[in-house]
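Results of the structural survey
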Amino acid sequence: MTRFLRVLLAAGMACGVFASAERSLAKPLDIVFVNPGKTGEVYWDMVAQTMQAAGRKLDARVEVLTSQRNYRTMQELGLGVVARPDKPDFLILSNEESAAVPILEAAEAAGVKTLLLSNTLIGEDAARLGPPRQKLKTWLGDITTDLRTAGARMANALIAAARAEKWQSSDGKIHILGIGGDEITPASIARNAGLKLAVDAAPDVVVDRLLFANWTQSEAERVTANYLGWASRKEIRPAGIWAGNDPMALGALRAVTAAGLVPGRNIQVVGLNWSDEALREVKAGRLLLTDGGHFLLGGWSIVLLRDYADGCDFAAVSPRVEVKTSAITRDNLASVGDLVRTRAFERIDFTRFRAKPGRCGQYDFSLDALISSLPLPEGAAN
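Quick summary incoming for the structure in this document. (Residues numbered from 1 in each chain as written. Predicted model: local features only at pLDDT ≥ 70, side-chain atom pairs only at ≥ 80, totals over all residues. Heavy atoms only, no water.)

1. Section: the overall build of the protein
- For the protein, the count of helices and strands is 14 helices and 12 strands.
- The C-alpha atoms of the protein give 23 Å as radius of gyration, which agrees with the globular expectation for 382 residues (21 Å, within 12%).
- Its C-alpha atoms give the protein principal-axis dimensions of roughly 85 × 55 × 35 Å.
- Buried residues in the protein amount to 52% of all 382 residues.
- Within the protein, residue pairs in contact and separated by at least 24 positions form 74% of the contacts whose partners lie at least 6 positions apart.
- Accessible surface, the protein: about 16,800 Å² in total, of which carbon and sulfur atoms supply 52%. (Helix = DSSP H or I, 4+ residues; strand = E, 2+ residues; numbered from the N terminus. Rg over C-alpha atoms; globule rule 2.2 N^0.38 Å. Buried < 20%, exposed > 50% of the residue type's maximum accessible area, 1.4 Å probe, protein only. Contact = heavy atoms within 4.5 Å. Areas by Shrake-Rupley, 256 points an atom, 1.4 Å probe, with all protein chains shown as cover.)

This is the structure in structure tokens:
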């Protein structure tokens, strides 16, 4: 081989021109995900399931450790992984309750590459540690969703429905209850900011309360019941309930029904998660929409790490990958409802979402791309 060809080949490998050839030689990956949720918690279960489905397509073994919504347990699990003599290729964490920092710092000392999913660093942690790959060289980046836009989209849907139905109270205002997950998790803060953004742009809308229900159905049912009682005493007509996730939306539906209201007929409720139960409520017309698709961050994270391991670094565009969510309503329910209901995530061809050679860091994780990646139902026309 001439010197010129050797130089050309090296340059091509570096820029990804020969990425497809390089990928065929890639080794299997060992990835650990420290799941911040509880066993049976729909959203985090689905995150883990999409990770494992993507891993099966992309030659990556994904081990899931569940912290049962206990941040101390999450830290113990993460620190335990970092201390293993046989360390994984990658460790995926979520900065729930801002609890991931000690693990990130320990991973840096141990040389374990990390990726933050769903919740990244905020506040003092972000100021002290800076962006990925600076002070913490092994923190490769984060993959998050634009939940501020999602929160605003949910609120705007409530407002539009209330205006169309003329559900103003006696003061001429549309009155809404907001139910947030918590006050400190970045994903919650972003959703709540979206609600505020939409309401600030709507002078005819009032958020009577923004209450927090710890992401749970039972607490959301309780705070909704208390709010509806208060609204009745104040002779306020509640027009809508904005809930930061589907379990809280379902709790709100229970309280609304118990109060004698008919969701979808004289009050609207919105949620976020694309959960199966919420999709059933959308189909029944009781839930206006469920925003989301962000559980697919699990699968997309494996795509990023597979590409990174194979020399196509997502940081070529940015170490911070932000994915858009989408709203599922009765109008588009049929397109993805069955995928969510059955959790048949192996139907998704995750190999199709990898960056193209020479376009490292450029991804299309949209709802349209997801739908087009799914095989046609049996008997469908070609």
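Further notes follow.
2. What to know about the state of the cysteines
- Enumeration over the complete set of coordinates arrives at 1 disulfide.
- The side chain of cysteine 312 participates in a disulfide bridge whose partner is cysteine 360; the two sulfur atoms lie 2.1 Å from each other. Measuring the twist about the S-S bond at about -120°, one finds the cysteine 312-cysteine 360 disulfide to be left-handed. Note that cysteine 312 is positioned in the loop between helix 12 (297-309) and strand 11 (320-323) and cysteine 360 in the loop between helix 13 (333-342) and helix 14 (367-373), a separation of 48 residues in sequence. (Disulfide = S-S within 2.5 Å.)

3. Quick notes on the pattern of salt bridges
- As enumerated under the stated definition, the model contains 20 salt bridges in all.
- Aspartate 142 is the salt-bridge partner of arginine 320, the closest N and O atoms lying 3.0 Å from each other. Separated by 178 residues along the polypeptide, arginine 320 in strand 11 and aspartate 142 in strand 5 (residues 139-145) bring together distant segments of the chain.
- Its relative accessible area of 2% is what places aspartate 142 among the buried residues.
- Through salt bridges with shared partners, a single network forms among Arg306, Asp307, Asp310 and Arg354. (Salt bridge = Lys/Arg side-chain N within 4 Å of Asp/Glu carboxyl O.)

4. As for the sheet that holds strand 4 (residues 113-117)
- Ordered by their spatial adjacency, 6 strands build an open sheet running 2-1-3-4-5-11, and the pairing between neighbours is parallel. Edge positions in the sheet fall to strand 2 (60-66) and strand 11, since each has one partner strand and no second. The average undirected angle you get between the axes of adjacent strands in this sheet is 20°.
- Two strands pair when backbone bridges link them, and strand 5 and strand 11 are joined in this way by 4 bridges, in the parallel orientation. Across the sheet, residue threonine 144 finds its bridge partner in strand 11, namely glutamate 322.
- On the sheet, helix 3 (residues 42-57) packs against strand 1 (29-35), strand 2, strand 3 (90-93) and strand 4 and is oriented at approximately 165° with respect to strand 2. (Pairing = 2+ DSSP bridges. Axes fitted to C-alpha atoms, helices over the stretch in contact; angles between N-to-C directions.)

5. A few points about the nonpolar core
- Counting 51 residues, the largest nonpolar core has Ile143, Phe295, Trp300, Ile302 and Ile348 as its most contacted members.
- Take this core: its biggest share by element is 8 residues, from helix 3.
- Among all residues touching tryptophan 300, those that are not within four sequence positions of it are Ile143, Val323, Phe350, Phe353 and Phe365. (Core = buried A, V, L, I, M, F, W, Y, C linked by side-chain atoms within 4.5 Å.)

6. Things to note about the sheet that holds strand 12 (residues 326-328)
- Sheet architecture is open: 6 strands sit in the order 7-6-8-9-10-12, paired in mixed fashion. Each end of this open sheet is capped by a strand with a single partner; those strands are strand 7 (205-212) and strand 12. Direction aside, neighbouring strands of the sheet carry axes that sit 20° apart on average.
- Strand direction decides the pairing type here: strand 6 (residues 174-180) and strand 8 (residues 238-243), joined by 5 bridges, are parallel. Bridged to histidine 175 within strand 8 is proline 238.

7. A word on the packing of aromatic side chains
- A full pass over the atoms with the stated rule returns 12 aromatic pairs.
- Note on tyrosine 43 and tryptophan 44: the rings are 4.9 Å apart at their centroids and 70° apart in plane angle, and the pair reads as edge-to-face. For the pair shown, tyrosine 43 and tryptophan 44 are each scored as buried.
- Between phenylalanine 90 and tyrosine 308 the ring centres are 5.9 Å apart and the planes differ by 75°, which places this aromatic pair in the edge-to-face class. Of this pair, phenylalanine 90 sits in strand 3 while tyrosine 308 sits in helix 12, and the two are 218 residues apart along the sequence.
- The rings of Trp300, Phe350, Phe353, Tyr363 and Phe365 are connected pair by pair, giving a single aromatic cluster.
- Over the face of the ring belonging to phenylalanine 314 we find arginine 133, whose NZ or CZ atom lies 5.3 Å from the ring centre.
- Of note, arginine 209 hangs over the ring of tryptophan 230, and the distance from its end group to the ring centre comes to 4.1 Å. (Phe/Tyr/Trp six-rings, centres within 6.5 Å; stacked < 30°, edge-to-face > 60°. Lys NZ or Arg CZ within 6 Å of the ring centre and 35° of its normal.)

8. Some words on helix 9 (residues 217-233)
- For helix 9, built from 17 residues, the straight-helix expectation of 24 Å at 1.5 Å per residue is met to within 8% by its first-to-last C-alpha distance of 24 Å.
- When we look at burial in helix 9, the residues that qualify are Ala220, Val223, Thr224, Tyr227, Leu228, Trp230 and Ala231. All buried residues of helix 9 lie within an arc of 160° about the axis, which places them on one face of the element. Across helix 9 from its buried face, at more than 90 degrees, point the exposed residues Ser218, Ser232 and Arg233.
- The backbone nitrogen of glutamate 219 has a side-chain oxygen 3.4 Å away, supplied by the residue at the start of helix 9, namely threonine 216.
- Looking at the residues trailing helix 9, positive phi occurs at glutamate 235, about 55°. (Expected span 1.5 Å × (residues − 1). Arc of directions from axis to C-beta. Polar contact = N/O pair within 3.5 Å; in protein donor to acceptor, adjacent residues only side chain to side chain.)

9. Here's the deal with the pairing of strand 10 (residues 289-292)
- Both faces of strand 10 are covered, namely the face carrying Leu289 and Asp291 and the face carrying Thr290 and Gly292.
- Sheet analysis places strand 9 (residues 268-272) next to strand 10, joined by 3 bridges and oriented parallel. Bridging across to strand 10, valine 270 finds its partner in leucine 289.
- Handedness of the crossover joining strand 9 and strand 10 through helix 11 (residues 276-284) is recorded here as right-handed. (Right-handed = clockwise from strand over helix to strand, strands pointing away.)

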